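Listed here are the chains, written in short residue letters.
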Amino acid sequence: MELFSLPSLFLLSTLFVFYISKFLNKRSQRNCYMLHYECFKGKDERKLDTETCAKVVERNKHLGLEEYRSLLRTMASSGIGEETYGPINVLQGREASPTLLDAYSEMDEIMFETLDKLFHKTKGFVSPSDIDILVVNVSLFAPSPSLTSRVINRYKMREDIKSFNLSGLGCSASVISIDIVQRIFETRENAFALVVSTETMGPHWYCGKDRSMMLSNCLFRAGGSSVLLTNAARFKNRALMKLVTVARAHVGAEDEAYSCCMQMEDKDGHPGFLLTKYLKKAASRALTKNLQVLLPRVLPVKELIRYAIVRAIKRRTTTKRESTSSGIGLDLKTGLQHFCIHPGGRAIIEGVGTSLGLTEFDIEPSRMALHRFGNTSSGGLWYVLGYMEAKKRLKKGDKILMMSMGAGFESNNCVWEVLKNLDGKNVWEDSMDRYPELSKIPNPFVEKYDWINDDTMSFIRV
């Protein structure tokens, strides 16, 4: 048939091979069940509202008026609310002189609080001594002994535990950790695994004046999560979800993608995290590569064939000038019901939502997680999931697509199937009734500092 282009035929043949392989391998695969997850919520005195942020900015004596205005504008339009949590040393005014103890204290609070709650809620069937696999991911802090050793020591875990300490992987490290656990599950029966995902913010607060490096101060906040997984079939009835598939894509071979999100020092020697304008393009490329692998695994064959036919027709009837269409072209709702987009920033959430043809309802959980908790790096996806559960959106049989992106540049995604109707209490318990309405209230910071949008101030320098 002339109607089908070579790419379309390749897609159809790939689908055929994939589903045959899936059928043949189904018997030998072991399931990965999620038994429980916990997210960190700081104390009220740790809240970092915009007024406090403005005071932190004022302490930076390296900023001129233009840098000051730029930073305040970013804070006011970031999509982050008044109740996110900041590192203790920043709140105490010591962001320019952090100590090793600050990093340890921040990690201990997040890791141990989430793990204590997790073990408390699962103490009827799982204890620390039952854990076979431990994966801890923290990008910017890799002490010796490792953080995994710190967890093992705290909970007196077994001598034969398999531990993995991941660093440098950015916001997508949690899905990478799940992929590691799933692969180990293929070789071990009746195993339990813990995945701890967090980041140290306090020791890495940027105190310079490079605008590309100041952005991280506006977006990143203290937070993290702990997740309990198993492949033991006897716990299926206790499980919240079952892992369907994981897909990973890495575009770091391209120099601009590799360097768009990087820890470095500015020209004055101030350490920080650089976010370049190429970040959006790198994220788009990585996500596209990832979904090309993942979506054929979870969408029905009927939708994939429809897409191939429509695409072939468009290629034959559309000129190059007319071919710049937006959207992915696939109806993701035919195989997926919920979308956990990494709450990395308002532009990321809205950009991914638009490109995938998602509605405001679909991206609401990610937007609300960003507003309430900020960008908590690799732990951010679990706050999004928690919002869905608290809103009682997750029903038995639903499938959830988790999408994460991180330094490298990588896109790591996974799909979960909900095994029961979920309505558990979590970190959203005290704020659920206020969302999403609370996010619609104008930031009070904008009115108080309305001069930041007055362009007549641009000629002034401090």
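About the thresholds
- Residues numbered from 1 in each chain as written.
- Predicted model: local features only at pLDDT ≥ 70, side-chain atom pairs only at ≥ 80, totals over all residues.
- Heavy atoms only, no water.
- Helix = DSSP H or I, 4+ residues; strand = E, 2+ residues; numbered from the N terminus.
- Contact = heavy atoms within 4.5 Å.
- Areas by Shrake-Rupley, 256 points an atom, 1.4 Å probe, with all protein chains shown as cover.
- Expected span 1.5 Å × (residues − 1).
- Bend = angle between axes of the 7 residues up to and from the residue.
- Buried < 20%, exposed > 50% of the residue type's maximum accessible area, 1.4 Å probe, protein only.
- Salt bridge = Lys/Arg side-chain N within 4 Å of Asp/Glu carboxyl O.
- Phe/Tyr/Trp six-rings, centres within 6.5 Å; stacked < 30°, edge-to-face > 60°.
- Core = buried A, V, L, I, M, F, W, Y, C linked by side-chain atoms within 4.5 Å.
- Axes fitted to C-alpha atoms, helices over the stretch in contact; angles between N-to-C directions.
- Parallel < 35°, antiparallel > 145°, perpendicular 65-115°, else oblique.
- Left-handed = near helix turned anticlockwise from the far one by under 90°.
- UniProt positions renumbered as here; feature names shortened; annotations may be inferred.
- Polar contact = N/O pair within 3.5 Å; in protein donor to acceptor, adjacent residues only side chain to side chain.

Draft legend 1. Focus on the overall build of the chain. Tallying secondary structure elements over the chain gives 15 helices and 11 strands in all. Long-range contacts, defined as pairs at least 24 residues apart, comprise 82% of the intrachain contacts of the chain with a sequence gap of at least 6. Approximately 21600 Å² of the chain is accessible, and the part contributed by carbon and sulfur atoms is 54%.

Draft legend 2. Summary view of helix α13 (residues 360–373). Taking 1.5 Å as the rise per residue, α13 with 14 residues should run 20 Å; its terminal C-alpha atoms sit 19 Å apart, in good agreement. Bending of α13 peaks at approximately 25° at the position of S366. In terms of burial, α13 is largely enclosed, as 11 of its 14 residues are buried. Of all the positions in α13, only D362, I363, E364, P365, S366, M368, A369, L370, H371, R372 and F373 are classed as buried. Looking at the packing, one finds that the buried side of α13 touches β9 (338–341), α12 (346–355) and α14 (380–390). One or two positions beyond α13, positive phi appears at G374, with a value near 75°.

Draft legend 3. Region of the structure containing the environment of A347. For A347, the location among the structural elements is in helix α12. Residue A347 is classed as exposed on the basis of its relative accessible area, which comes to 64%. Counting along the chain gives 269 residues from A347 to S78, while the straight-line C-alpha distance between them is 8.6 Å.

Draft legend 4. How the structure looks around the pattern of salt bridges. Taken as a whole, this structure holds 25 salt bridges when the rule is applied. A salt bridge links K43 to E109; the shortest N-O distance between them is 3.8 Å. Separated by 66 residues along the polypeptide, K43 in the loop between β1 (33–39) and α2 (50–59) and E109 in helix α5 (residues 100–121) bring together distant segments of the chain. A salt bridge links K47 to E83; its shortest N-O distance comes to 3.8 Å.

Draft legend 5. Spotlight on the packing of aromatic side chains. Throughout the structure, instances matching the rule amount to 12 aromatic pairs. Ring centres 6.1 Å apart and planes at 75° place the aromatic pair F112 and Y155 in the edge-to-face group. Highlighted residues: F112 in helix α5 and Y155 in helix α6 (residues 147–155), separated in sequence by 43 residues. Of the two residues, F112 and Y155, neither departs from the other in class, the shared state being buried. An angle of 55° between the planes, with centres 5.3 Å apart, marks the rings of F119 and Y155 as tilted. Of this pair, F119 sits in helix α5 while Y155 sits in helix α6, and the two are 36 residues apart along the sequence. Cluster of aromatic residues (ring-pair linked, three or more members): Y85, F373, Y383, Y387, W428 and Y435.

Draft legend 6. Focus on the nonpolar core. The biggest cluster of nonpolar side chains holds 82 residues, and the ones touching the most others in it are M157, L229, W382, L385 and W416. Per-element tally for this core: the top contributor is α5, with nine residues. Among the nonpolar cores identified, the runner-up in size contains 42 residues, and L304, L330, L332 and A407 belong to it.

Draft legend 7. Summary view of the environment of L71. Mapped onto the fold, L71 is located in helix α3 (residues 65–76). Sequence separation between L71 and R211 is 140 residues, and the spatial gap between their C-alpha atoms is 7.6 Å. The residues contacting L71, other than those within four sequence positions of it, are V57, L63, M214 and C218.

Draft legend 8. Broad picture of the packing of α13 against α14. Axis separation between α13 and α14 bottoms out at 8 Å; the angle between their running directions is 115°. Considering the angle they form, α13 stands roughly perpendicular to α14. Note on packing geometry: the crossing formed by α13 with α14 is right-handed. Contacts between α13 and α14 involve E364, P365, S366, M368, A369 and F373 from the first element and Y383, V384, Y387 and M388 from the second.

Draft legend 9. Layout of the UniProt feature "active site" (unreviewed entry) in the chain. If you check UniProt for "active site" (unreviewed entry), the listed places come out as C171, H250, H338, H342, H371 and N375 in our numbering. Mapped onto the fold, H250 is located in strand β6 (residues 241–250). Not counting residues within four places of it along the chain, the set of residues in contact with H250 comprises G408, F409 and E410. A polar side-chain atom of H250 sits 3.0 Å from the main-chain amide nitrogen of G252. Among the structural elements, H338 can be located in strand β9. For H338, a relative accessible area of 8% gives the class buried. With residues up to four places along the chain from it excluded, the contact list for H338 reads M388, R393, L394, D398, K399, I400 and L401. A polar contact is formed between the side chain of H338 and the backbone oxygen of R393, at a distance of 3.4 Å.

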